[in-house]
Structure formats: structure tokens, C-alpha cells
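Here are the chains, one letter per residue:
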Amino acid sequence: MPDADTLSATFAALADPTRRAVLARLRQGEATVTQLAEPFAMSLPAVSRHLKVLERAGLVSKGRDAQWRPCRLDAAPLREVDEWVKGYRAFFEERYDRLAAQLAEDATEHTEEP
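So, here's what we can say about the structure. (Residues numbered from 1 in each chain as written. Predicted model: local features only at pLDDT ≥ 70, side-chain atom pairs only at ≥ 80, totals over all residues. Heavy atoms only, no water.)

**Topic: helix α4 (residues 44-56)**
The line we're drawing: Helix and strand assignments follow DSSP, with helices taken as H or I runs no shorter than four residues and strands as E runs no shorter than two, numbered in order from the N terminus. One less than the residue count of a helix, multiplied by 1.5 Å, gives the span that helix is expected to have. Accessible area is worked out with a 1.4 Å probe on protein chains only. A residue is then buried under 20% of its type maximum, exposed over 50%, and partly exposed in between. Throughout, the arc means the angular range of directions from the helix axis out to the C-beta atoms.
Its 13 residues place the ends of α4 18 Å apart at the C-alpha level, agreeing with the 18 Å of an ideal helix rising 1.5 Å per residue. Turning to α4, its buried residues are Ala 46, Val 47, His 50, Leu 51 and Leu 54. Along the axis of α4, the buried residues cluster in a sector spanning 145°; they form a single face. What points out from α4, more than 90 degrees from its buried face, is the exposed set Arg 49 and Arg 56. Where α4 ends, the next residue or the one after it, Gly 58, has phi of about 80°, a positive value.

**Digging into a positive patch on the surface**
This is how the line gets drawn: Residues qualify for a patch when their relative accessible area is over 30% and they have no salt bridge, like charges being joined within 9 Å and the nonpolar side chains of Val, Leu, Ile, Met, Phe, Trp and Tyr within 5 Å. With residues, only the protein chains shown are counted as cover, and all accessible areas are computed by Shrake-Rupley using a 1.4 Å probe. Any carboxyl oxygen of Asp or Glu within 4 Å of a side-chain nitrogen of Lys or Arg constitutes a salt bridge here. None of His or the chain ends enter the tally, which takes Lys and Arg as positive and Asp and Glu as negative. To locate a charge, the coordinates of NZ of Lys, CZ of Arg, CG of Asp or CD of Glu are taken.
Taken together, the side chains of Lys 52, Arg 56, Arg 64 and Arg 69 make up a positively charged region of the molecular surface. Tracing the backbone through its elements, the reader meets Lys 52 in helix α4. Lys 52 gets classed as partly exposed once you look at its relative accessible area, which sits at 47%.

**Description of the side chain of Arg 19**
Stated precisely, the cut-off is as follows: The contact criterion used is simple: two residues touch if any of their non-hydrogen atoms lie within 4.5 Å.
With respect to the helices and strands, the residue Arg 19 is situated in helix α2 (residues 17-26). Despite being buried, Arg 19 has no salt bridge partner; Asp 16 is the closest side chain of opposite charge, sitting 4.4 Å away. Apart from the residues within four sequence positions on either side, Arg 19 is in contact with Ala 12, Ala 13, His 50, Val 53 and Leu 54.

**Description of the packing of aromatic side chains**
What counts here: In this analysis, rings of Phe, Tyr and Trp, with Trp reduced to its six-membered ring, are considered paired at centre separations within 6.5 Å, and the interplanar angle assigns stacked below 30 degrees, edge-to-face beyond 60, and tilted for intermediate values.
Counted according to the given criterion, the structure contains three aromatic pairs. Here the aromatic rings of Phe 11 and Trp 84 are separated by 5.5 Å at their centres, their planes lie at 70°, and the arrangement is edge-to-face. Linking Phe 11 in helix α1 (residues 4-14) with Trp 84 in helix α5 (residues 76-112), this pair joins segments that are 73 residues apart in sequence. With a centroid separation of 5.2 Å and 75° between ring planes, the pair formed by Phe 91 and Phe 92 is classed as edge-to-face. A network of ring pairs unites the aromatic residues Phe 11, Trp 84 and Tyr 88 as a single cluster.

**Comments concerning the side chain of Thr 10**
Within the fold, Thr 10 resides in helix α1. Classification of Thr 10 by relative accessible area gives buried; the value is 0%. Beyond its immediate sequence surroundings of up to four residues, Thr 10 is in contact with Ala 57, Leu 59, Pro 77, Leu 78 and Val 81.

**What about the environment of Glu 30?**
Quick reminder of the rule: By the criterion applied in these results, polar contacts are pairs of N or O atoms within 3.5 Å in which, for protein atoms, one can donate a hydrogen and the other can accept it, and in which residues neighboring in sequence qualify only through two side-chain atoms.
Looking at the secondary structure, you find Glu 30 in the loop between α2 and α3 (33-37). Residue class for Glu 30 comes out partly exposed when judged on its relative accessible area of 43%. The spacing of Glu 30 and Thr 6 is 24 residues in sequence and 24 Å in space, taken between C-alpha atoms. Beyond its immediate stretch of four places on either side in the chain, Glu 30 contacts Arg 25, Gln 35, Pro 70, Cys 71 and Arg 72. Only 2.5 Å separates the side chain of Glu 30 from the side chain of Arg 72, close enough to count as a polar contact.

Below is the structure:
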């Protein structure tokens, strides 16, 4: 089971749509802060603040390439979220199975009526 503080930091970072969009962009590969800021109507410092939240959550790391500091996705915290969510998948699958069984039973009852 993942550490609750790690999950809290990850969920807090994912709570913002801008940060989720940044992570979606980084799935395609490394990008500079300037490249990450292009689709947003916000300043570079504002994008940098979002990146700091993602870095603190362990979702983004920055490298060094001459004068550039490319950002890259680190998906390890997302694996922890996936592990946490797995516990709820069985719960929902059981409910869906019960619903499917009930619907099938109801359909059979309706087709058997004269």
C-alpha cells in the first residue's frame, strides 16, 4: 500500500487541470518550461509554480542540457495511485456484476410473461 502522504501529494498535484495538461504534454517527451507554457494564457512564473507542485509530488523532474532545463515525466507516483485505485476496482466490478445479473433476471421475467 502506498504511503498516504505520497498519495496526498499526488492527488493534490493532479487536482489542477493545468497540471494535468502539463503531465499529458510530458507523456509525449521532454519539454522546456517555455514549451510547456505555450498552450496556456499564463506567465512563465505561473507555469513554473505549477511545475514546482508537480516536482514536489515526484511527478516531474528537471534535467540539464547546456542552458536548458528540460522537464520529464516521472510516472512512479501514478503507479502508486493506480495501486490504490485497484482496491476499488473489485468493489465496482462486483456491483456491476450484480447489476448485470439483476438486469438479466428482469429481462427474463419480462419475456416469460404472456
